[in-house]
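A closer look at the structure
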Amino acid sequence: MLKAIVIDDELYAREELIALLKETQQIEIVASCHNAIEGLQKVNCLKPDVIFLDIQMPQISGLEMLSMLDPDTMPKVVFVTAYDEYALKAFEDNAFDYILKPVEPSRLAITLTRLKSIVGPTDFTPLLQKQLELIPCAGYNRILLLKPEEIELAYSDQSGVHVICSADLKNVNSTTCSLSLKVLEEKTCLIRCHRQYLVNPTAIREIKLLDNSLAEIITCNGAIAPVSRRYLKALKDRFSLS
Amino acid sequence: MELIFSLLQQLSVYLVIAYLLSKTPLFMPLTTVSGHLSQRIACYVVFSLFCILGTYFGLSIENAIANTRAIGAVMGGLLGGPLVGFAVGLTGGLHRYSMGGFTDTACAISTTAEGLLGGLIHSYYVRRGLVDRIFQPSVAFVILLLAEMMQMSIILIVAKPFDLALHLVQAIALPMIVANAFGAALFMSIIQDRKAIYEKYSAAFSSKALKIAERSVGILSQGFNQQSTKEIAQIIYEETGVGAVSITDREKILAFIGIGADHHLPGTTISSDFTKQAIENCELIYADGYEIPYQCSLHNKCKLGSALIIPLLGGEDKVLGTIKLYEPKQKLFSTINLTLGEGLAKLLSNQILTGRYIEQQRLLMQSELRLLQAQVNPHFLFNALNTISAVIRRDPNKARDLIQQLSLFFRCNLKNNIESVTIKEELAHIRAYLEVELARFSDRLQVEFLVDPNLLNLLVPTFTLQPLVENAIKHGTATLLENGKIEIKGELITRKEQKFVLLQVIDNAGTYQLKENDSGLGLQIVDKRLKNRFGELYGLQMLCEPGISTTAKLLFPLVENRVI
């Protein structure tokens, strides 16, 4: 049985697809999400084999969400859409699997057969955005959509990825991010200074050089990030320090 | 006394010459006070001539000349202004000076002064806006009276010896004052007649042209066909009084009214070579039946004897057809109708072009309307169908209801040929649309209607509110993570004692600015159609408080319902 997550903002659309998938008895639905942000969280923590992804969703579309998934843990993706000329053209051009709403059971069966035959990750590069415009974050009881430039620092620990925001952002200091450090590094302006830390170069106030070729970055907001030996040289080069 | 009669006798010849000259085009500029250089030059030439003529027609008396020179000088000034008056006076004066005599200097000075006097009076009347007075014979009479008295005074002052001058003035003063004053009045009366005839002619011409233009307005905008041209031909026939009027397109007669209508039948192919030639070469042809013989090409006993054929021009010098005016054999074309013909052709050509323009506008409007509908279709439709297919599983009765709503929505959408609907119908359209969307966004959308019941029977252009609601969902609430809310408000408001209708669609998304390019076209069409109906002051206004709300405001004046 494949583990699947259904992501669609419309209640009836989710219900219908889940009902059809259950009828096939080949798929186990591990979660159903009503927007991309919730979807990202569930994908990160449940690690499904496949996601059924609606394109038109509020704030973050299915295609934008695709760019936010870590390529290392990317599940298989089946796009689901009622009508979207541009997306459909992109799917056709790149032979990505998609199904149209209302979903036809026989068509769904073909998709499932195809899913099982695929080994290894799919390369979604043609659909991916180079730079992210919004970074979905989950605060306490709320969802935040931050702009990359509003983030000073991002770091990961056992509980996940956290971001520290610039002082301009009132009411928000630090929050949990749904994206991996790797995605943030590749698709935002943040740069790596430590295995577990990313920093926004425009937010650096001070680089404090320590012994043993280590260093510390202090941001405008007063947050501190360690700089490891491995990344110090690159950092110095970037700011033309010797 | 004898001198008075002799002088009046001379004056008669002088006036006959003036009368004859008034028949020539040279006189035309004198009938207006335009201040143009050409008019001034004409004044100078004509009146200098009369000034000199006045001297020659004078009677020699006591080594001086009793004359009517002053008429030219004063009239020149009156009609041409101070500069012309001075120039005419100087010309006449110098000419008189060259003839010698003991009053030569006095006469030269006084003639120049008289010209200047006329000119000053001219300036006075022009400044006061009393140009008409200049042409009154009585005014000319009084001024000449004054001018002659002035001349007599100048002779007394300047001419030497004084005894002789006094004697001369005693002899000539009365005859010259009387003759010049009467002469000027009569001269002015000739000019006034000329002016009246000319104005009457232009008035007749303009009133005819205006009447035809007024009566024919809008007829050809319905199209250039047998029906519309028949109406036009009838109007031209009645207003010009010609024998017959015909309008053709490039191939056949579209309309014919008047003498010979029994065999010039609308719908028959053009057989006249003149007409073919007019269409072919795009030229006006006048077959007067004398120099260029005219014979009806359809029937040899046709009573029509002359024809004026004028091509009707479309854009880019393309001939659309012709308009033909006929007179019967025993009658001649009046000059007015000959001139009018050309103007008529221009008028009709313009009307045909306007008609085509309006037709194109209408087609454009209709295709824009279709576009509005097309915008609705795919995304909404497939999502609606998907929703319904899910609802069938849960609640077949609700699904049946949704299918009803969807049918109602498409039925409203198909009213693409109807210009106006009542607000009630428009709301029904929206409700059907919203029922489907409410099901689709079941847990995330709320809608509220607050419409004044008095508005329900007012007419608005089809698809006025629906695109706004659709826009509010598609680019507004559908992009929200939290719940969407849409309010549809309709109210009557009074501003400066005039009543207006204010319709508003308000959502709680406030995303309008972000998606402007996307939603632009549909909203632009709504705005354009309202402006088209109610005027530039009204239409659609979008207000957006980013992240809080977007308000689409429709404002137009309350007008009595009429079926359009």
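Residues numbered from 1 in each chain as written. Chains lettered and ligands numbered in written order. Predicted model: local features only at pLDDT ≥ 70, side-chain atom pairs only at ≥ 80, totals over all residues. Heavy atoms only, no water.

Membership of the largest hydrophobic core comes to 50 residues, with the highest contact counts inside it found for Leu465, Leu468, Ile488, Leu503, Val505, Leu554 and Phe556 of chain B. If you tally residues by element for this core, the top one is helix 13 (residues 423-440) of chain B, at 8 residues. With residues up to four places along the chain from it excluded, the contact list for Ile488 of chain B reads Leu427, Ile430, Leu434, Val447, Glu448, Phe449, Leu450, Val451, Val469, Gln504 and Val505 of chain B. Counting residues in hydrophobic clusters, the runner-up holds 46 residues, among them Met74, Phe79, Phe124 and Cys177 of chain A. (Core = buried A, V, L, I, M, F, W, Y, C linked by side-chain atoms within 4.5 Å. Buried < 20%, exposed > 50% of the residue type's maximum accessible area, 1.4 Å probe, protein only. Helix = DSSP H or I, 4+ residues; strand = E, 2+ residues; numbered from the N terminus. Contact = heavy atoms within 4.5 Å.)

Here we come to helix 3 (residues 69-80) of chain B. All names here are of chain B. The end-to-end C-alpha separation of helix 3 is 17 Å, in line with the 16 Å expected for 12 residues at 1.5 Å each. Most of helix 3 sits out of view: 12 of its 12 residues are buried. Of all the residues in helix 3, the buried ones are Arg69, Ala70, Ile71, Gly72, Ala73, Val74, Met75, Gly76, Gly77, Leu78, Leu79 and Gly80. (Expected span 1.5 Å × (residues − 1).)

When the parts of a complex come together, some accessible area is lost, and that lost area is often used as the size of the interface. Counting from both sides, the interface comprises 22 residues of chain A and, opposite them, 23 residues of chain B. Roughly 2,100 Å² is buried in total at the junction of chain A and chain B, and carbon and sulfur atoms are behind 53% of that figure. Of the charged contacts in the structure, one is a salt bridge between Arg440 of chain B and Glu10 of chain A, with a shortest N-O distance of 2.6 Å. Inspection of the region where chain A meets chain B yields 9 residue pairs in polar contact (both at pLDDT 80 or more). Looking at the side of chain A that touches chain B element by element, the count peaks at 9 residues for helix 1 (residues 11-24) of chain A. Classifying every residue of the side of chain A that touches chain B gives 12 nonpolar, 3 polar and 7 charged. (Buried area = accessible area lost by both parts, 1.4 Å probe. Salt bridge = Lys/Arg side-chain N within 4 Å of Asp/Glu carboxyl O. Polar contact = N/O pair within 3.5 Å; in protein donor to acceptor, adjacent residues only side chain to side chain. Nonpolar A, V, L, I, M, F, W, Y, C, P; charged D, E, K, R; others polar.)

The next point concerns the packing of helix 2 (residues 37-56) of chain B against helix 4 (residues 82-98) of chain B. Residue and element names in this part refer to chain B. Interaxial distance between helix 2 and helix 4 falls to 9 Å at its minimum, and their mutual angle equals 30 degrees. Considering their axes alone, helix 2 and helix 4 lie roughly parallel with respect to each other. Handedness of the helix 2/helix 4 crossing: right-handed. Judged by residue contacts, Arg40, Cys43, Tyr44, Phe47, Ser48, Cys51, Ile52, Thr55 and Tyr56 of helix 2 engage Val84, Ala87, Val88, Thr91, Gly92, His95 and Arg96 from helix 4. In terms of residue class, the contact of helix 2 with helix 4 is built from 9 nonpolar, 5 polar and 2 charged. (Axes fitted to C-alpha atoms, helices over the stretch in contact; angles between N-to-C directions. Parallel < 35°, antiparallel > 145°, perpendicular 65-115°, else oblique. Left-handed = near helix turned anticlockwise from the far one by under 90°.)

Attention now goes to a nonpolar patch on the surface. Residue and element names in this part refer to chain B. Residues Phe86, Leu90, Leu94, Leu116 and Leu120 make up a contiguous nonpolar surface patch of roughly 430 Å² in combined accessible area. Considering each element in turn, the nonpolar patch owes the most residues, 3 residues, to helix 4. By the secondary structure assignment, Phe86 is in helix 4. (Patch = residues over 30% accessible without salt bridge, like charges linked within 9 Å, V, L, I, M, F, W, Y side chains within 5 Å. Areas by Shrake-Rupley, 256 points an atom, 1.4 Å probe, with all protein chains shown as cover.)

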